[in-house]
Amino acid sequence: MKPLLNVAADESAAVKAGALEATGEVLAIRGGRPLTGRVEVKGAKNLVTKAMVAALLGETTSTLRDVPDISDVQVVRSLLEVHGVRVWDGDEEGTIHFDPSGAVAAHFEAIDAHAGASRIPILFCGPLLHLLGEALIPDLGGCRIGDRPINFHMDALRAFGAVVDKSYEGIRITAPNGLHGANIELPYPSVGATEQVLLTAVKAKGTTELRNAAIEPEIMDLIAVLQKMGAIISYEPNRVILIEGVDTLRGYDHRAIFDRNEAASWACAALATDGDIFVGGARQQEMLTFLNVFRKAGGWFDVREDGIQFRRGGALKSVVVETDVHPGFMTDWQQPLIVALTQAEGQSTVHETVYENRLGFTAALNQMGADIVVHARGIDAPGRRVPRRELEQAAVINGPTPLHGADVVVPDLRGGYSYVIAALAAEGESIVRNVGIIRRGYEKFFAKLEMLGADFDVIG
């Protein structure tokens, strides 16, 4: 195996510190070929893992369909099993059943061992408090893309009447007087905090009003899951969600919403490699904002009953993008899009307003020949629609610039996917390390690359 070369300083330091999830998997990618063909997307990672946690709330068996075979799902499955939930696969591919009747408390060590780098354990708090009266949360991991504080979660749980105690092992949460409805206003429409409130409020005594809630399609799908279980939840104007607590919930049978992040990733791959990719299972409504930007950048798409076809519509054009919470342009979409924008005529700007460290991946793209300048404090620009935030950054991409092979280390899930696509668009051979992280959110990733005609070898 070759030594690590051409790794951005921040990534190199993270690897040495053990901050990145070291998988030992390495790809040798020979670029210059368009990706063409069809791939299928299953249920959204950001819904499936949360619906799995929701199964803890039911008094009968739950069934979840279109579950992707990704490592995040395996993490949650293991955590449920550690807590005594019986989990088994259904006859239909992608179907999982959950029986929570034997749920028990678990030790910190067991939770920590199965959680790995996942941040999912924090969402077990509400269901476990209702079920067992306590929840244990180890140190949380996840992609290193910026400050993702858990104080939103802890403040919400305290509002419900929970007591939060910190220890050397992590966090112990109890509810000595039970959980009651609360009036909660989030300082930012955090997806995770909104999920926390939903999973806790549905069985809390009384009514909960959540203001400034996240309203992503995956949140709406989680609400649909909880409503099937017997919850009473209404979505009001201006990001307000009302939840009337109930005494008992039953299991659910639900087919997960498709993964719009994966669909957008393959669309950007078609754009970057001048390919032609049909994404089976993708739907237009949940991707309206992405499709508009895709078209402005020179992409062409055709919406069909069973999916969406993506390719270039001519020369790629520069665009200005501002990431934002739904219904804005998702932060998960900007990383693969930036790879495509390196091949666009003119100067593109991506304002990242959600996470402060999500543009660090561009250093490796510059080593591959891109011309990207990151402004650590963001930049002012005429016509801005998203309010500026103190943590925001901006990337200015000048193109088109030919990309060439390099030796890079995957920093996070979406950045890792972007490195692979950049390598496939580049001339020559690239070595991409730590690719196991990509399996957190992309099912059968290597098989899909092969189906699209990618030229690569797994060498470690």
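These numbers come from a predicted model, not from an experiment.

### Here's the deal with the pattern of salt bridges
Then, in step 1: Tallied over the entire structure, the rule returns 37 salt bridges.
Then, in step 2: Residue Asp 253 pairs with Arg 65 through a salt bridge whose shortest N-O separation is 2.8 Å. In this pair, Asp 253 is assigned in strand 13 (residues 253–255) and Arg 65 in strand 3 (residues 62–65), connecting sequence segments 188 residues apart.
Then, in step 3: Among the charged side chains, a network of salt bridges with common partners joins Arg 30, Arg 33, Glu 429, Asp 455 and Asp 457.

### A word on the UniProt feature "binding site: phosphoenolpyruvate" (unreviewed entry) in the protein
Then, in step 1: Per the UniProt record, "binding site: phosphoenolpyruvate" (unreviewed entry) is annotated on Lys 45 and Asn 46.
Then, in step 2: Mapped onto the secondary structure, Lys 45 falls in helix 2 (residues 45–54).
Then, in step 3: Lys 45 sits in the buried class, given a relative accessible area of 10%.
Then, in step 4: With residues up to four places along the chain from it excluded, the contact list for Lys 45 reads Ile 70, Asp 72, Asp 259, Leu 413, Arg 414, Arg 440 and Gly 441.

### Examining the packing of aromatic side chains
Then, in step 1: Inspection of every chain in the model, using the stated rule, returns 14 aromatic pairs.
Then, in step 2: Arranged with centres 5.2 Å apart and planes meeting at 80 degrees, the rings of Phe 329 and Trp 333 form a pair that is edge-to-face. We note that Phe 329, like Trp 333, is buried.
Then, in step 3: An aromatic cluster of three or more residues is present, and its members are Trp 266, Tyr 417, Tyr 442, Phe 445, Phe 446 and Phe 456.
Then, in step 4: Taking NZ or CZ as reference, Arg 86 lies 4.0 Å from the ring centre of Trp 88, over its face.
Then, in step 5: Taking the ring centre of Tyr 188 as reference, the NZ or CZ of Arg 389 above it sits at 3.9 Å.

### Quick word on the sheet that holds strand 15 (residues 299–304)
Each strand in a sheet pairs with its neighbour through backbone hydrogen bonds, running either in the same direction (parallel) or in the opposite one (antiparallel).
Then, in step 1: Strand order in this open sheet of four strands is 2-14-16-15, and the pairing throughout is mixed. This sheet does not close on itself; its edge strands, each paired only once, are strand 2 (36–40) and strand 15. Going across the sheet, the axis of each strand differs from the next one's by a mean of 15 degrees, ignoring polarity.
Then, in step 2: Relative to strand 14 (residues 276–280), strand 2 is paired through five bridges, and the arrangement is parallel. Counterpart to Glu 40 in the pairing with strand 14 is Gly 280.
Then, in step 3: Against the sheet, helix 9 (residues 260–273) contacts strand 2, strand 14, strand 15 and strand 16 (307–312), and its axis sits at roughly 25 degrees relative to strand 16.
Then, in step 4: Where helix 10 (residues 288–296) meets the sheet, its contacts fall on strand 15 and strand 16, and the angle it forms with strand 15 comes to roughly 140 degrees.

### Topic: the packing of helix 11 (residues 331–341) against helix 13 (residues 413–425)
Then, in step 1: Packing of helix 11 against helix 13 brings their axes to within 9 Å, and their N-to-C directions diverge by 15 degrees. Judged by the angle between their axes, helix 11 and helix 13 are roughly parallel. For helix 11 against helix 13, the interelement crossing comes out right-handed. In contact with Asp 332, Gln 335, Pro 336 and Val 339 of helix 11, helix 13 contributes Arg 414, Gly 415, Tyr 417, Ser 418, Ile 421 and Ala 422.
Then, in step 2: Of the residues in the contact of helix 11 with helix 13, the class split is five nonpolar, three polar and two charged.

### A word on the nonpolar core
Then, in step 1: Ranked by internal contacts, the top residues of the largest apolar core, which has 151 residues, are Leu 226, Trp 266, Phe 290 and Phe 310.
Then, in step 2: Per element, the largest residue contribution to this core is nine residues, and it comes from helix 9.
Then, in step 3: For Phe 290, the residues in contact, after removing those within four places along its chain, are Ala 264, Ala 267, Cys 268, Phe 310, Phe 329 and Trp 333.

### A look at the sheet that holds strand 18 (residues 346–352)
Then, in step 1: Spatially, four strands are ordered 17-18-20-19 in an open sheet, and the strand pairing comes out mixed. Of all the strands in the sheet, just strand 17 (320–322) and strand 19 (371–375) have a single pairing partner and so form its edges. Across the sheet, the mean angle from the axis of one strand to that of its neighbour is 15 degrees, orientation sign disregarded.
Then, in step 2: Where strand 19 lies against strand 20 (residues 393–399), five bridges are found, and the strand directions are antiparallel. When the sheet's bridge partners are listed, Val 374 is paired in strand 20 with Ala 395.

### Focus: unusual backbone geometry
Then, in step 1: Following His 326, the chain continues to Pro 327 via a peptide bond in cis, the omega torsion being 15 degrees.
Then, in step 2: Its place among the elements puts Pro 327 in the loop between strand 17 and helix 11.
Then, in step 3: The linkage connecting Gly 399 with the following residue, Pro 400, adopts the cis geometry, with an omega of 0 degrees.
Then, in step 4: Inspection of the secondary structure puts Pro 400 in the loop between strand 20 and strand 21 (407–409).

### Section: the side chain of Thr 194
Then, in step 1: With respect to the helices and strands, the residue Thr 194 is situated in helix 7 (residues 191–201).
Then, in step 2: Residue Thr 194 is classed as buried on the basis of its relative accessible area, which comes to 0%.
Then, in step 3: Separated by 2.9 Å, the side chain of Thr 194 and the backbone nitrogen of Ala 214 make a polar contact.
Then, in step 4: Here Thr 194 is in contact with Leu 186, Leu 210, Ala 213, Ala 214, Ile 219 and Ile 241, once residues within four sequence places are set aside.

### Section: the confidence of the model for the protein
Then, in step 1: In this model, the protein carries a mean pLDDT of 90, and residues with pLDDT of at least 70 account for 92%.
Then, in step 2: The low-confidence segment residues 1–22 (pLDDT under 50) makes 44 contacts with residues lying over four places distant or belonging to another chain.
Then, in step 3: Every residue in residues 141–148 is under pLDDT 50, and counting partners more than four places away or in other chains gives 22 contacts.

### Some details on the packing of helix 9 against helix 13
Then, in step 1: Where helix 9 contacts helix 13, the axes come no closer than 9 Å and their chain directions differ by 25 degrees. As far as their axial angle goes, helix 13 and helix 9 are roughly parallel. Note on packing geometry: the crossing formed by helix 9 with helix 13 is right-handed. Where helix 9 abuts helix 13, its residues Asn 261, Ser 265, Trp 266, Ala 269, Ala 272 and Thr 273 lie against Arg 414, Tyr 417, Ile 421, Leu 424 and Ala 425.
Then, in step 2: For the contact of helix 9 with helix 13, a count of residues per class yields seven nonpolar, three polar and one charged.

### A closer look at helix 8 (residues 217–228)
Then, in step 1: With 12 residues, helix 8 should reach 16 Å at 1.5 Å per residue; the first-to-last C-alpha distance of 17 Å fits that figure.
Then, in step 2: Of the surrounding elements, those touching the buried residues of helix 8 are helix 2, helix 7, strand 11 (232–236), strand 12 (240–244), strand 13 and helix 9.

Cut-offs used in this document
- Residues numbered from 1 in each chain as written.
- Predicted model: local features only at pLDDT ≥ 70, side-chain atom pairs only at ≥ 80, totals over all residues.
- Heavy atoms only, no water.
- Salt bridge = Lys/Arg side-chain N within 4 Å of Asp/Glu carboxyl O.
- Helix = DSSP H or I, 4+ residues; strand = E, 2+ residues; numbered from the N terminus.
- UniProt positions renumbered as here; feature names shortened; annotations may be inferred.
- Buried < 20%, exposed > 50% of the residue type's maximum accessible area, 1.4 Å probe, protein only.
- Contact = heavy atoms within 4.5 Å.
- Phe/Tyr/Trp six-rings, centres within 6.5 Å; stacked < 30°, edge-to-face > 60°.
- Lys NZ or Arg CZ within 6 Å of the ring centre and 35° of its normal.
- Pairing = 2+ DSSP bridges.
- Axes fitted to C-alpha atoms, helices over the stretch in contact; angles between N-to-C directions.
- Parallel < 35°, antiparallel > 145°, perpendicular 65-115°, else oblique.
- Left-handed = near helix turned anticlockwise from the far one by under 90°.
- Nonpolar A, V, L, I, M, F, W, Y, C, P; charged D, E, K, R; others polar.
- Core = buried A, V, L, I, M, F, W, Y, C linked by side-chain atoms within 4.5 Å.
- Polar contact = N/O pair within 3.5 Å; in protein donor to acceptor, adjacent residues only side chain to side chain.
- pLDDT = per-residue confidence, 0-100.
- Expected span 1.5 Å × (residues − 1).

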